[in-house]
Structures are given as C-alpha cells and as structure tokens.
Amino acid sequence: MSDSPAPSSNSDPGSISAVDQTGGRSRRSTDGSQTLLSESRHWRDVFWLGIFVIHLIGLGFLLSVLGLNRFKKTDRFNISRYTNQKVETKGELTEDYWPIYAVAGGVGALLGWMWLLLLGSPANQMLKISVHILTTYLAVISVLCFWCDQFFWGVAFATAAALQFLYVISVIDRLSFTMLVLQKAVKMVWSLPEVKRVAYVFMAVMLLWMGIWSFGTAGVVASDMGDGGRWWLLLVLSVSLFWTGAVLCNTVHVIVSGMVFLVLIHDGRDSVSMPHNPLVKSLRYAVTTSLGSICYGSLFTAAIRTLRWEIRGIRSKIGNNECLLCCVDFLFHLVETLVRFFNKYAYVQIAVYGKGFNRSARDAWELFQSTGVEALVAYDCSGAVLLMGTIVGGLITGTCAGAWTYTKWHDRVVMVGSTAMLMGMVLVGLAMVVVESAVTSIYICYAEDPLLIHRWDAEFFNQMSETLHQRLQYRSARAREVLTNNRFDSHTQESLSV
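Conventions used here
Residues numbered from 1 in each chain as written. Predicted model: local features only at pLDDT ≥ 70, side-chain atom pairs only at ≥ 80, totals over all residues. Heavy atoms only, no water. Phe/Tyr/Trp six-rings, centres within 6.5 Å; stacked < 30°, edge-to-face > 60°. Helix = DSSP H or I, 4+ residues; strand = E, 2+ residues; numbered from the N terminus. Buried < 20%, exposed > 50% of the residue type's maximum accessible area, 1.4 Å probe, protein only. Lys NZ or Arg CZ within 6 Å of the ring centre and 35° of its normal. pLDDT = per-residue confidence, 0-100. Contact = heavy atoms within 4.5 Å. Expected span 1.5 Å × (residues − 1). Disulfide = S-S within 2.5 Å. Salt bridge = Lys/Arg side-chain N within 4 Å of Asp/Glu carboxyl O. Core = buried A, V, L, I, M, F, W, Y, C linked by side-chain atoms within 4.5 Å.

A word on the packing of aromatic side chains
For the structure on display, the rule yields 19 aromatic pairs. Both rings, one in Trp48 and one in Tyr296, keep their centres 5.0 Å apart while their planes meet at 20 degrees; by these two values the pair is stacked. Of this pair, Trp48 sits in helix H3 (residues 46-69) while Tyr296 sits in helix H11 (residues 291-315); the two residues are 248 residues apart in sequence, bridging distant segments of the chain. Its relative accessible area of 11% is what places Tyr296 among the buried residues. Measuring from ring centre to ring centre gives 4.4 Å for Tyr97 and Trp409, while their planes differ by 35 degrees; the resulting arrangement is tilted. Of this pair, Tyr97 sits in helix H4 (residues 94-117) while Trp409 is found in the loop between helix H16 (382-406) and helix H17 (413-448), placing the two residues 312 residues apart along the sequence. For Tyr97, a relative accessible area of 0% corresponds to the buried category. Accessibility expressed as a relative area gives 15% for Trp409, which makes it buried. Taken together, the ring pairs in this structure connect Phe47, Trp48, Tyr296, Tyr347 and Phe357 into an aromatic cluster. Above the plane of the ring of Tyr285 lies Arg284, whose end atom (NZ or CZ) is 5.4 Å from the centre.

Printed below as a string of structure tokens:
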C-alpha cells in the first residue's frame, strides 16, 4: 500500500496533479489508448483457449448422445447397461423435460433483457431491492424444500439465507458508496447504447448453446440411472455451463471495458479525437487474441472473488476474538495472494494492453496498491450487489421451472429447479456484466490518471477522493493501534519476566 496521500474532496485540479503525479500516469493512459487501437497483438494463453474449444466439442457430442438416448424412444443407445445403479423406469423421455428448460431459458432471457431495457434510474432501484429481498427469497425456498421433504436442500438454502443476512449486515455501512459507484457506472453504460447491443447478441449466443445443453440435461433427468449417477452427471454439466457462461460474460466485460476506457481517455464518445469504430476493434481483440486469457480467467475468478467477499465481511465483525481472528486472517491472506493473480480488473488490462491474464491481474493489483486505490476497491461492494441481482434472477427462473415440474413429477423438482436456476443466473449475468465492466474500468482509470474521472464527472471524482482519503486514514489508524498493542504486550511480558 502506498503512503502517498489521497486527494481530498475539495482539491482543485492543480493540487490533484501535484499529489498524484498525473503527468506520468496520463502518458501511461495515452499509451493504453494507442495499444487498444493498434492493429497487431500477440495471442495470449492459447493453451486454455484450446482446452475450452476441445471441451465445447466434446461436451456437445456428449449432450447430443444423452439427449437422443431418450428422445422419442427410451434408452435408444442402451446406455443403461453401463450404469451400476438402475431404477424402475417410468418411460420418461427427453421431450418431457426439454420444454421446461425452454421456459427457463425464456424467463432468464426476459429478465436479462428487462434489466438492459430499464438501465437507468429503475436499474438502481432494482439493485437495492435485490440486496434486501435475496435473504427472504432464500429463506422461503428453504421452507418449501423442507415441505417437499428435501432436507439437504432445505439446509443448504437456509445456510445461504443466513450467510447472505450476515454479509449484508457486515457491509451495510458501505452500501451508500457502493450505490453511488453503480449509479455512475449505469450512467456511463447508458451513454453507450452499442455495448447494450453487444450484450443482447451474446445473450442470443448463450441461448443457442443452452438449447443444446438443456437437450442433454433433459435426457439425463429422464434417464433410468440412479439419483446418485444423475446428480454427478448434472454436476459435471453444470460446471461446464458455468465456465461457458463465464467466458461469454467476461468477453462482454473485455469489450465494454475497452469502450469505457476509450470514452474516458478521449473525454467523451463524441470527441473529435475518438477513433472510428472502436467497438469493432474491441470486439475483434476479445474474440481472437485475448480469448485464451478470458477462458483462463473465467475458470477461477468468480469463485475466488466470492470467497474474498465473504471472508472480508466476517473479518470486519469478529471483534477481539484473537483465536478466530487468527484463523480468518490466515484465510484472508491466502485469498489475497490468489486475488493478486486472479481478479476481475485483469479484464480491463486485457482489453487495453492485450496482456496475458496472470500478468494483467498482477499489474492491475500492483497499480491499485502503489496508488492506494486498493483501499477504495476493498471498500466497494458493487460486485457483490450485482451478484445478488444475478442470484435473484436465477432464483426466479428456477422457481418457475420447479413449479411446472412439481405439477407433473414431485421427485424431480429440485433437480430441474437447480439446473434451471443456473441457466437464469448465466443469462441475467450477461446483462449485469455491462455495469460491472464500467465499474472496473472506472477504478482502473482512476488509478492510472485521476484527472480522467475528474473531466468526466467532477462531483463523482470529489466523492471518490474523499472516500479514499477516509479509508487510508482508517487503515493508518488501525495500523497504529495494532503497533501500539504489540508494543504494550511486549512491555508487559518483559515486566512480568523481571
């Protein structure tokens, strides 16, 4: 963490430049703009691109076999002979469940499109509602699971509701700043209608892949293998869908980040210095030379980020329990090490500079730490709030699919509902990611050259600077308190030994 002071809320541009040394950082931003517009880039993380393509081809074949095996004919390929457990067949077919997944895809897409259409002041209200309604929704689903004699899922959703409640309580004081950042990110995206069209296109691509995925998944649900075998196979298919959805989301992330960076660098999309067709170039880089880095980062980033949010929330509310604090600190530092190499801010570096994923993540984190902006990033909960909105969308989708399934097959409700929920989360996530991309780009630009944010929105710049100043003061006070306590404990031990 840098000890350089943060600009205060009432700083003028001259003092800001002196404090943050924006001359050198402006040159770096200009270099980034030139790199983004350059015609030649090297392919990065090609190995992971190959793994992802092979995975798609292999999984597409497997999904086709699983779906056709029960399509209009039970056990067409006699797959049941390879399963160790067999149950009494009910003659269920792929087409019995496939329409339910089609409805789930439609509901998820509808929610995502509504989010993009309402992007503006209604979107901010929707996010606030998501934060407060998620705990209740999870608790209600938990009760329904217990009512349907699904004890494991009842406990799982009840635990999720409790963790969600504890997390919101632990970060309640940060929500006002978080909502401010999200409001400004929405403002940025609202001024770039072309990025919303990109999200629409990628949602359509995801729906096409989900058509194949749900065909195979419906075949698994309808199969006559045991519940254990079905669940393991559905787990593998769900991990695959999560990775595929994450790749598409992060591809949109890279495209939007490149656009936002250019808008801030050139002081507006209508500026005469704004290059021609920047969206096309950003899209081309994202789906060619940078796609391997996107595939690599999509495997790990989401899980590490979620774990980091939970640990930060718990750590802030532990108090003086030294034993528990020691354990949580160990996990915290372990996750912080992982965050250094896997973080969402890497996608901005990928979009602008065309680097590999690990180098992009490391450079972004070192930039935040060297400028002190890491304190502001750690305080912001915008990613968690957007994730809550994504989960609510998934829960609504899963509820619709589960309710339809319950009218026909009571024992398949959780199986169909949980997989449909994942479909809804992926589709809504593709809509949410345009705002998250704007948030990450704003922070990277603020760290690279604060004057970029000042030119775009002076009032927002002052609010960010004031919050950063407060967070750095808070960290400094905590560090002095820990140092004082350590010295006092050392002095006490020396006195007792004498």
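Looking at the confidence of the model for the chain
A residue-level look at the chain finds 77% of positions with pLDDT of 70 or above and a mean pLDDT of 81. Of the regions scoring below 50 in pLDDT, residues 1-27 engages in 51 contacts with residues more than four places distant in sequence or in other chains.

As for helix H7 (residues 175-190)
Given a rise of 1.5 Å per residue, 16 residues ought to cover 22 Å, and the 22 Å separating the end C-alpha atoms of H7 matches this to within 8%. Of all 16 residues in H7, 12 are buried; the element is thus mostly enclosed. Along H7, the positions that sit buried rather than exposed are Leu175, Phe177, Thr178, Met179, Leu180, Val181, Leu182, Lys184, Ala185, Val186, Met188 and Val189.

Some details on the state of the cysteines
This structure, assessed with the given rule, holds 0 disulfides. Just so you know, Cys145 is unpaired, no disulfide at all, and the nearest cysteine sulfur is the one on Cys148, 6.9 Å from it.

Quick look at unusual backbone geometry
Even without a glycine there, the phi angle at Asp45 is positive, about 50 degrees. Here Asp45 shows up in the loop between helix H2 (22-37) and H3. Residue classification places Asp45 among the partly exposed positions, given a relative accessible area of 25%.

Focus on the pattern of salt bridges
In this structure the tally under the stated criterion is 7 salt bridges. For Lys344, the salt bridge goes to Glu436, with nearest N and O atoms at 3.4 Å. One end of the pair, Lys344, is in the loop between helix H12 (322-341) and helix H13 (346-353); the other, Glu436, is in helix H17, and 92 residues separate them in sequence. A single burial state applies to Lys344 and to Glu436, both of which are buried. We note a salt bridge from Asp363 to Lys355, for which the minimum N-O separation is 2.7 Å.

Here's the deal with the nonpolar core
Counting residues in hydrophobic clusters, the biggest one holds 134 residues, and the most contacted among them are Tyr97, Met206, Phe368, Val435, Tyr443 and Ile453. If one sorts the elements of this core by residue count, H17 sits on top with 23 residues. Once residues within four sequence positions are removed from consideration, Tyr97 is found in contact with Glu92, Ala218, Val221, Ala222, Trp409, Arg412 and Val416.

Concerning the environment of Leu110
Considering the arrangement of structural elements, one finds Leu110 in helix H4. Leu110 sits 287 residues away from Thr397 along the chain, and the two C-alpha atoms are 9.9 Å apart.

Digging into the side chain of Ser441
Here Ser441 is to be found in helix H17. Sequence-distant contacts of Ser441, that is, excluding residues within four places in its chain, are made with Ser257, Val260 and Val348.

Some words on the environment of Met126
Position of Met126 relative to the elements: it lies in helix H5 (residues 121-147). Taking relative accessible area as the criterion, Met126 reaches 29% and is therefore assigned partly exposed. Each C-alpha atom of the pair Met126 and Gly389 lies 7.9 Å from the other, and the pair is 263 residues apart in sequence. Residues contacting Met126, with those up to four places away along its chain left out, are Trp115 and Leu118.

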